[in-house]
Amino acid sequence: MKTYRDINGKPIIRSCFNCKFFSSIEGMDKMGYCQFKRLYFAYTLKKTVFPIVKSFYLCENHRLVNESELEGKAEVVDLRDVIKNKGDFEI
């Protein structure tokens, strides 16, 4: 999955919190609705339900709020290349 570098040269980590489809739930910290994909409501069989996600989740449908602006200006990097594994940290 591609992402972009910010003005400090650091990669922008894609998480639900900075996605344009994320809508936070008032009164619940770090939780919200993903408005990209609707789910069926069991009693009416109509697509009226949004899944609840945590702000640090990541999905393949993620779109940054200002992604169209970043496409023209920022350097593109692969998200897999910038995320460190558990064993890569020094203590």
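We now turn to the structure provided with this report. Position numbers for residues start from 1 in each chain and track the written sequence from start to end. For this predicted model, a pLDDT threshold of at least 70 governs which residues receive local features, and a threshold of 80 or more governs which side-chain atom pairs are given and counted, while totals over whole chains, interfaces and linings are taken from all residues. Computation of side-chain values covers all heavy atoms of the structure but excludes hydrogens and water.

Some points on empty space enclosed by the protein
Part 1 of the reasoning: The definitions used throughout rest on a 1 Å grid laid over the protein atoms alone, on which a cavity is an enclosed set of points accommodating a 1.4 Å probe that cannot get out and a pocket is an open set flanked by protein within 12 Å on both sides along at least five of seven lines; lining residues are those having an atom within 4 Å of a point. Grid points are joined across faces, edges and corners, and a volume is the space filled by probe spheres set on the points. Evaluated as defined, the whole model comprises one cavity of 30 Å³ or more.
Part 2 of the reasoning: The calculated volume of the largest cavity comes to roughly 40 Å³.
Part 3 of the reasoning: Taken together, Cys-16, Cys-19, Phe-21, Phe-22, Cys-34, Val-53, Cys-59 and His-62 form the lining of the largest cavity.
Part 4 of the reasoning: Asp, Glu, Lys and Arg are counted as charged, while Ala, Val, Leu, Ile, Met, Phe, Trp, Tyr, Cys and Pro are counted as nonpolar; the rest, among them Gly, fall into the polar class. In terms of residue class, the lining of the largest cavity is made up of seven nonpolar, one polar and no charged.

Digging into the side chain of Arg-14
Part 1 of the reasoning: Inspection of the secondary structure assignment puts Arg-14 in the loop between strand S1 (2–4) and strand S2 (22–24).
Part 2 of the reasoning: Relative accessibility decides the category of a residue: with a 1.4 Å probe and only protein chains considered, values under 20% of the type maximum give buried, values over 50% give exposed, and everything between is partly exposed. Among the residues examined, Arg-14 registers a relative accessible area of 3% and is labelled buried.
Part 3 of the reasoning: A distance of 3.0 Å separates a polar atom in the side chain of Arg-14 from a polar atom in the side chain of Glu-67. Strands are runs of DSSP state E lasting at least two residues, helices are runs of H or I lasting at least four, and both sets are numbered from the N terminus onward. N or O atoms within 3.5 Å of each other form a polar contact, as long as, within protein, one can give a hydrogen and the other can take it, and as long as residues adjacent in sequence are counted only when both atoms are side-chain atoms.

Points about the nonpolar core
Part 1 of the reasoning: In this description, a nonpolar core means a group of buried Ala, Val, Leu, Ile, Met, Phe, Trp, Tyr and Cys residues linked to one another through side-chain atoms lying within 4.5 Å. By size, the foremost hydrophobic cluster in this structure holds six residues: Cys-16, Cys-19, Phe-21, Phe-22, Cys-34 and Val-53.
Part 2 of the reasoning: Setting aside its immediate chain neighbours within four residues, Cys-16 contacts Phe-22, Val-53, Lys-54, Ser-55, Tyr-57, Leu-58 and His-62. We call two residues contacting when some pair of their heavy atoms lies within 4.5 Å.

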